[in-house]
Amino acid sequence: NNFDGKPSLYRNDLAAGNRLALRLKGRDGNSWGVGATVVAHLDAEPALQTKTLTLSRGFMSSNEPLLHFGLGEAPTLESLLITWPSGTRQKIGPLAAGKLHFITEPERGIAPPASSPPMFTSSSMFRGIAHEERTYDDFKRQPLLPAKLSQLGPEIAWGDVNNDGRQDFYLGRSAGTYGGIYLRRESPTSQGAYFLVDTFDPFEADAACEDIGTLFFDADRDGDLDLYIVSGGVECEPDAPVLRDRLYLNDAKGSFTKAPAGTLPGVSISGSAICAADFDRDGDLDLFVGGRSIPGRYPETPRSQLLRNDSRPGAPRFVEVTPEKLATTGLVTDALWADFNGDHWPDLLVSHEWGPVKLYLNKEGSLAEAAPMSGLQPLTGWWNSLAVADVDGDGDFDFAAGNVGLNSKYHASLEHPAVLYYGDVDGSGRKRIVEAKFEGSAMVPVRGFSCSRNAMPSLGRQHSSFHRFATKTLVELYPRQRLGAATRHQASTLLSGIFMNNGTGTFTFRPLPRLAQAAPIFAMAFNDLDRDADLDLCLVGNSFSPQPETGHMDGGVGLILRNMGDGSFKAIPPAESGLVIPGDAKSLSLIDLNLDGHPDLVAGINSGEIMAFLRSPGSP
């Protein structure tokens, strides 16, 4: 139905595939079964399809009272579970494909399944401890930016900073606010507080900095945990002093002082991830610090750093020893160390936006990117997060990589990637962003006429109407030679998945289950959550950062994926897992909060309160 226009009719030209249709009849005058929810169980993926019968489909439009299920090549539908508006539950099946089935609500339905406790239950241990984001208009500075870069936190660093046997934490803060060390109490206060800050010194003096990456580690080899904070964000000019990273030294009692000048390289970089390993095997922890962006100049490549630890007890010092290809690796979003080739030297894995996940192999203290035959390079994406584990039990490390998922306006493939150009595409002398997508073999702009001409007024002078702009291909809007002179960035997949290590220096990509593609994934962690000796995967995400035309990518509520024993994964529904995180989740920690010997889940939420989920007693 088109308002004030002729209706559109679409013909299905598929030559293969089966379908099944349902007509429902309810009781008590509900002759069309409106409001019934039907869950279809199939033998093939997707194993579940859920639909609710509603007639309204927008203003002054309606559907006929039918439910349609696409079955692919399956000849039958295994079973249907119908929940009628009255609460009656009905299960039927199998049902043959290619037919219209009439189903009447029964007088008596099946009993609900016996309830069992979910794996996790929500906890209020972090009540009142929240991240507060300062409002900043990224799009005023770069009008055609795909998404904000000022909403990347918070990270949470965990460690026993005062040697009392309990886990304390530091919550990363946005620019304009300051953090503190939250010390775990032996017992909660009368107000129910489990964590308290004794003092905000010395962090208050650095309130102008944006905390992006956070890490507790022993920097100066004195046996206690020091704190490294990666500064980042875009609310400043490039090379601004607020972009300098900070190291805070612990006195072994949980009190911190800022490391003296000269401890870290005196560079200002808008950073992202930080990870530690003894990459040169000299007995101390070295650091990789990823560069995320250059303020006001996205998607130009910032500098990343490999910092060698040359500290002595009481005299911390880090020296940059970054190979040039690693220094300019790309827009880094996450990084971790692991021995992927079994030579007992930690290798470095780095994820990128508008790039692949890159593996830098460690050859006795020298890092070099893995050969193109590794299978990583073709899969460029908007990779956000990494987690490493031996998921198939074959003795080598595999890894999971979180991407933006499939629940957005964007689409990408090896043949037709999502594309972004950056350069002087309009002849104004200023570099601009142009997002592009494929329609058939032609590329067209992603952004509309209104925002494009606001950023590049020459477009408004060249094209007099929205229709004229909308009918042009990319090379008809922007001169071919200017596009050729611009830098081109592309993403060939938006799927999140597992990269399986084949043990020969190559990886095979396996997409995660469909439910895991419902939203961007910003944090992941492996653990044997169901106690079957296989490592399961927990993930959180969503993004409230995309530009207004795109809108929030918030189709996820967090997810636990059960490892089926062979490295394949199956989603556990939120009702069974108990994990429900609908906000803009940016970090995830597995910490034993209640000291029961089982990991609990802690998520950092942008502009929100920390969320925690405790393992339920007696849960599977």
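Up top you'll find the structure we're talking about.
Numbering of residues starts from 1 in every chain and runs along the sequence as written. Whole-chain, interface and lining totals are the exception, using all residues; otherwise, since this is a predicted model, local features are given only for residues with pLDDT of at least 70 and side-chain atom pairs are given and counted only at 80 or more. As a rule here, side-chain values come from all non-hydrogen atoms in the structure, and water together with hydrogens is ignored.

## With respect to the overall build of the protein
Condition: Counting from the N terminus, the helices are the DSSP runs of H or I reaching at least four residues and the strands are the DSSP runs of E reaching at least two. In this setup the radius of gyration rests on C-alpha atoms only. A globule is expected at 2.2 Å times the number of residues raised to 0.38. Type-normalised accessible area, obtained with a 1.4 Å probe on protein chains alone, sets the label of each residue: buried when under 20%, exposed when over 50%, and partly exposed for intermediate values. Charge assignment: positive for Lys and Arg, negative for Asp and Glu; neither His nor the chain ends contribute. Charge positions are represented by NZ for Lys, CZ for Arg, CG for Asp and CD for Glu.
Scanning the protein for helices and strands turns up eight helices and 42 strands. Radius of gyration (C-alpha) of the protein: 27 Å, near the 25 Å computed for a compact globule of 620 residues. Projected onto its principal axes, the C-alpha positions of the protein cover 80 × 65 × 50 Å. Out of the 620 residues belonging to the protein, those deemed buried represent 51%. Here the protein holds 56 positive side-chain charges and 76 negative ones, and the gap between their average locations is 10 Å.

## Let's talk about the nonpolar core
If you look at soluble globular proteins, the nonpolar side chains tend to sit buried side by side. To keep things clear, this is the line we draw: Definition of nonpolar core: a set of buried residues of the types Ala, Val, Leu, Ile, Met, Phe, Trp, Tyr and Cys, connected through side-chain atoms within 4.5 Å. A domain assignment, automatic or from a database, supplies the domain bounds used here.
With 36 residues, the main nonpolar core has Tyr298, Trp354, Trp382, Tyr421, Met456, Leu474 and Tyr478 as its most contacted residues. Shared between two domains, this core takes at least three residues from each, and those domains are domain 2 (119-148 + 362-414 + 492-619) and domain 4 (429-487). Counting residues in hydrophobic clusters, the runner-up holds 19 residues, among them Leu24, Val38, Leu95 and Ala97.

## Remarks on the pattern of salt bridges
As a reminder, the rule being used: Here, a salt bridge means any Lys or Arg side-chain nitrogen found within 4 Å of an Asp or Glu carboxyl oxygen.
All chains considered together, the criterion is met by 18 salt bridges. A salt bridge links Glu353 to Arg292; its shortest N-O distance comes to 2.8 Å. Of the two residues, Glu353 is situated in strand E24 (residues 347-355) and Arg292 in strand E20 (residues 286-293); the sequence distance between them amounts to 61 residues. For Glu353, a relative accessible area of 13% gives the class buried. By relative accessible area, Arg292 is classed as buried at 7%. One salt bridge in this structure joins Glu300 and Lys431, with 3.9 Å as the shortest N-O distance. You can see Glu300 sitting in the loop between E20 and strand E21 (305-309) and its partner Lys431 sitting in the loop between strand E30 (418-423) and strand E31 (432-439), a full 131 residues away along the chain. One continuous salt-bridge network, built from bridges that share partners, spans Arg297, Glu300 and Lys431.

## Details of empty space enclosed by the protein
Formally: Only protein atoms enter the 1 Å grid, on which a cavity is a set of points fitting a 1.4 Å probe that cannot get out and a pocket is an open set with protein on both sides within 12 Å along at least 5 of 7 lines, lining residues being those with an atom within 4 Å of a point. Grid points are joined across faces, edges and corners, and a volume is the space filled by probe spheres set on the points. Classification used: nonpolar for Ala, Val, Leu, Ile, Met, Phe, Trp, Tyr, Cys and Pro, charged for Asp, Glu, Lys and Arg, polar for all others including Gly.
Across all of its chains, the model carries three cavities of 30 Å³ or more by this definition. Put simply, the largest cavity is a space of about 310 Å³. Looking at the largest cavity, it is lined by 21 residues, and the ones nearest its centre are Ala147, Glu353, Trp382, Asn384 and Ser543. Residues that form the lining of the largest cavity fall into these classes: 13 nonpolar, four polar and four charged. Within this model, the second largest cavity holds a volume of roughly 60 Å³. Surrounding the second largest cavity, Tyr136, Asp138, Arg141, Gln142, Leu145, Leu149, Val234, Ile294, Gly296 and Tyr298 form its lining. Partitioning the lining of the second largest cavity into residue classes produces six nonpolar, two polar and two charged.

## Some words on the sheet that holds strand E14 (residues 195-197)
Selection criterion: At least two DSSP bridges between two strands are needed for those strands to be called paired. In this description, a line fitted to the C-alpha atoms serves as the axis of each element, helices being fitted only across the stretch in contact, and the angle between N-to-C directions of two axes falls anywhere from 0 to 180 degrees.
In spatial order, the strands read E11-E12-E13-E14; together these four strands make up an open sheet with antiparallel pairing. Of all strands in the sheet, those with a lone pairing partner are strand E11 (156-159) and E14, marking the two edges. Sheet twist, expressed as the average angle between the axes of neighbouring strands with direction ignored, equals 30°.

## Focus on the layout of surface pockets
Each pocket or cavity is described by its volume, and for the largest pocket that value is around 1,400 Å³. In this structure, the largest pocket is lined by 34 residues; those nearest its centre are Leu48, Leu515, Ala571, Ile572 and Pro573. When residues of the lining of the largest pocket are traced back to their parent elements, those giving at least two are strand E2 (37-41), strand E3 (48-52), strand E39 (569-572) and helix H8 (574-577). In terms of residue count, E39 provides more of the lining of the largest pocket than any other element does, four residues in total. Of the residues assigned to the lining of the largest pocket, the class counts are 23 nonpolar, six polar and five charged. When residues of the lining of the largest pocket are assigned to domains, at least three map to each of domain 1 (18-104) and domain 2 (119-148 + 362-414 + 492-619). Taken as a whole, the second largest pocket holds about 1,100 Å³ of empty space. Along the wall of the second largest pocket there are 35 residues; nearest its centre are Glu155, Ile274, Asp334, Leu386 and Leu588. For the lining of the second largest pocket, the elements supplying multiple residues, two or more each, are E11, strand E15 (210-217), strand E19 (270-277), strand E23 (331-338), strand E28 (385-389), strand E36 (521-527) and strand E40 (585-591). Broken down by element, the residue count for the lining of the second largest pocket peaks at six residues, all from E40. Split into classes, the residues belonging to the lining of the second largest pocket amount to 23 nonpolar, eight polar and four charged.

## Quick look at the packing of aromatic side chains
The criterion, for reference: Centres within 6.5 Å are what make two rings of Phe, Tyr or Trp a pair, Trp counting through its six-membered ring; a difference in plane orientation under 30 degrees is then read as stacked, over 60 as edge-to-face, and the rest as tilted. Criterion for a charge above a ring: Arg CZ or Lys NZ at most 6 Å from the ring centre, at most 35 degrees from the ring normal.
Taken as a whole and judged by the stated rule, the model has 27 aromatic pairs. Seen in terms of ring centroids, Trp158 and Phe169 are 5.1 Å apart; in terms of plane orientation they differ by 40°. Their pairing is tilted. Linking Trp158 in strand E11 with Phe169 in strand E12 (residues 168-171), this pair joins segments that are eleven residues apart in sequence. Using a relative accessible area of 14% as the deciding quantity, one classes Trp158 as buried. Put simply, the rings of Phe340, Trp383, Phe397, Phe399, Phe499, Phe507 and Phe509 touch in pairs and so form one group of aromatic residues. Between the NZ or CZ atom of Arg453 and the centre of the ring of Phe449, over which it lies, the distance is 4.7 Å.

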